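Each chain, letter by letter, is given below.
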Amino acid sequence: MSYDHLVKSLQKQLENWQSDVKEETAGEVIEVGDGIAKVSGLSDVMASEMLEFETKAGDKIYGVVLNLEEFAVGAIILGEYGALKEGDKVKRTKRILEVPVGEAVIGRVVNALGQPVDGKGNIKSNEFYPVEKIAPGVITRQSVFQPLETGIKVIDAIIPIGKGQRELIIGDRQTGKTALAIDAIINQKGKDVICIYVAIGQKESKVARIVAKLEETGAMDYTTVVLAGASESAALSYIAPYAGCSMGEYFMDKGKDVLVIYDDLSKHAVAYRQISLLLKRPPGREAYPGDVFYVHSRLLERAAKMSDELGGGSLTALPIIETQAGDISAYIPTNVISITDGQIFLETDLFYKGIRPALSTGLSVSRVGSAAQKKAMKKVAGKLKMDLAQYRELEAFAQFGSDLDEATKQQLDRGARVTEILKQGQFKPLLQSKQISIIYAAANGHLDKVPVANLAAFEQKLFSKMEAEGKDVLDNIEKTGLLSEADEQKLKNIINDLVELEEKVGEDKK
Amino acid sequence: MKKDQAKILAAALYKASGDKKGKELDKVIANFSAYLSQHRLVPMIPNILGQLENIHFLKEGIIATKITSREELAQAEIKKISDLIKAKTKKEVVVKTEIDKELIGGVVVKYNDKIIDMSIKHQLNNLAKQLSN
């Protein structure tokens, strides 16, 4: 490159440059600490507007206005606030906080501001969505009617989730809440559902493990991970779920189906409590501020099934709440339970009994999902629910064993078998058709003669036999969602053949 | 409390002196000084004076303007700027000047919470930002 060329190209670039002198509104930092700044001046700033802090070294840090007071403005600082000092200049940006959205964010790991943290380069997106958005109104919605298949037998059969529903996953630590959510993401492969996993205050090691798993299973091709780690400031944890929701809303507006997982909202509430207390807002129950309910309700209300005129997109939300010692009547759990359309309750006792997923069938409900279940699943799962309910009632008597009458004993046997076949390994989501075939076998009593210990092996044999001999049955269920008479007969025959074989093997062993 | 103390004291003094003149005003000032020394508040005097000025400007509807430049400005130039702000805000303007060698050139005008940055330094920063994009 010659000297002349350099000068010319510089001249060319400078041609368009205009020194735009504008009157700006500026303020000064009065007080800073714990991720919160008090700013004087800025008399015409908007609520939740982005602010630009300029440190003495000339670095720029962004913040968001939360409090508008008589003589000052309270703002949260997004990012490192160590360099910020009293007296630093603060400028208005006249923009509400927004994040990049669009195809470019798919397959990426981003922070709460939409900046990449996976080292795969910049995100090139021309579209931005505000982080805080008012939820779709009544007229723009329609009722939930399609199933969102999680691939987990017990959920798809007993507490089905519909597209556009909000289903809470609640339980103590180490009960498999995240595992359930990750399985649901993995199962969306090839189903044209965009997934967004929002990690709020999670250990970075855990998130790294999740991302690796998603990459391994190919789920990262349609998933975005929004990360606000435990080491980052509370402000970012507070923003993260709204940012993730905005990224999902973009696809919903485009008529696509989206699944958003908030892991977890109890840490989000804690982050918001910290911010509120530092802003000197009065504490309420459990020291949470008065508007902590609204914080969650306005987030979860953004889950919706849009009407057909608006493209028919949907945003399904799976918030996660961690309870302390199984206490679901604490403040945040009761709040979120009342906001959502049902909850999946995971219990430590069940988990250690080996029933995994450790789902408590008594306390878990889905308030809208059953309208969205496939016809075939509805048909077989109805009996299953009854069996489980009766089993729960009689379970206490199970220890009396031989003293029971025949009918009770039979119900107990059935219940034990149903519980056994509802167990499922981690990262092994199942197709609906396969789920239906094994549940059909259990609910109709075909498995009553198979020993409980052999059921897991029997399930595998059934699946391979179905794939070999009953492929058309599986395909029909997947395609039509119905279990026709002919298919049912064929399924029954295959199950009976296997059961007979199982019995023969059992006798031979004796 | 400590933070607002200067403000409170200044407000009290402003109210007490009100429209008093001559001897009466001297008495108020003497009392106030005695109060300050009694309560060991003498180091706060610069703060109190600053606040007193603010209160006065607020009451009288005067706008304090600060003009920062690299070299000392001529009276005519200052007059021009203050007239401009007077026309903009339709209020009385009091001008303070400050010298900052780092500006390279141009001026920065500050009034209320508004800034008009016409310094060369700011424009160079802008240019750098545009070129790096």
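Residues numbered from 1 in each chain as written. Chains lettered and ligands numbered in written order. Predicted model: local features only at pLDDT ≥ 70, side-chain atom pairs only at ≥ 80, totals over all residues.

1. Considering the environment of Leu103 of chain B
Residues and elements named next belong to chain B. How we decide: Numbering of helices and strands runs from the N terminus, with a helix taken as a DSSP run of H or I at least four residues long and a strand as a DSSP run of E at least two residues long. Throughout, a residue-residue contact means that the two C-beta atoms, derived from backbone geometry, are no farther apart than 7 Å.
Inspection of the secondary structure assignment puts Leu103 in the loop between strand E2 (92-99) and strand E3 (107-111). In sequence terms Leu103 and His122 are 19 residues apart; their C-alpha atoms lie 7.9 Å from each other. Leu103 has contacts with Thr68, Ser69, Arg70, Val108, Ser119, Ile120 and Lys121, leaving out every residue within four places of it along the chain.

2. A closer look at the interface of chain A and chain B
Going by this rule: For two strands to be treated as a pair, DSSP must find no fewer than two bridges joining them.
Counting from both sides, the interface comprises 12 residues of chain A and, opposite them, 10 residues of chain B. No other element matches strand E1 (residues 23-33) of chain A, which puts five residues into the side of chain A that touches chain B. Strand direction decides the pairing type here: E1 of chain A and strand E4 (residues 114-117) of chain B, joined by three bridges, are antiparallel. Across the sheet, the residue bridging to Thr25 of chain A is Lys114 of chain B, located in E4 of chain B.

3. Observations regarding the pairing of E3 of chain B
Residues and elements named next belong to chain B. Formally: Exposure in this text rests on C-beta crowding, where 20 or more other C-beta atoms within 10 Å of a residue's own make it buried, 12 or fewer make it exposed, and counts in between make it partly exposed. The C-beta atoms are placed from the backbone.
Only one face of E3 is buried: it carries Val107, Val109 and Tyr111, and the other face, with Val108 and Lys110, is open. Here five bridges tie strand E1 (residues 62-69) to E3, and the two strands are oriented antiparallel to one another. Looking at the pairing, Thr65 lines up with Tyr111 of E3. In textbook terms, the turn of a hairpin is the stretch between consecutive antiparallel strands, and for E3 and E4 this stretch comprises two residues, one of which, Asn112, has a positive phi near 50°.

4. Here we look at the packing of helix H12 (residues 432-443) of chain A against helix H13 (residues 455-469) of chain A
Residue and element names in this part refer to chain A. Rules: A fitted line through C-alpha atoms serves as each axis, taken over the contacting stretch for helices, and the angle formed by two N-to-C directions is quoted from 0 to 180°. Angle categories are assigned with fixed cut-offs, so that under 35 degrees is roughly parallel, over 145 is roughly antiparallel, 65 to 115 is roughly perpendicular, and the rest are oblique. Helix crossings get a hand from a simple test, with the near helix turned counterclockwise from the far one by less than a right angle marking a left-handed crossing and a clockwise turn marking a right-handed one. Note that Gly is not counted as nonpolar here; it falls among the polar residues with everything else outside the nonpolar set of Ala, Val, Leu, Ile, Met, Phe, Trp, Tyr, Cys and Pro and the charged set of Asp, Glu, Lys and Arg.
Where H12 meets H13, the closest approach of the two axes is 10 Å, and the angle between their N-to-C directions is 125°. Looking at the two axes, H12 sits oblique to H13. In terms of crossing hand, the pair formed by H12 and H13 is right-handed. The residues of H13 that touch H12, namely those facing Lys434, Ser437, Ile438 and Ala441, are Glu459, Leu462, Phe463 and Met466. Broken down by class, the residue content of the contact of H12 with H13 amounts to five nonpolar, one polar and two charged.

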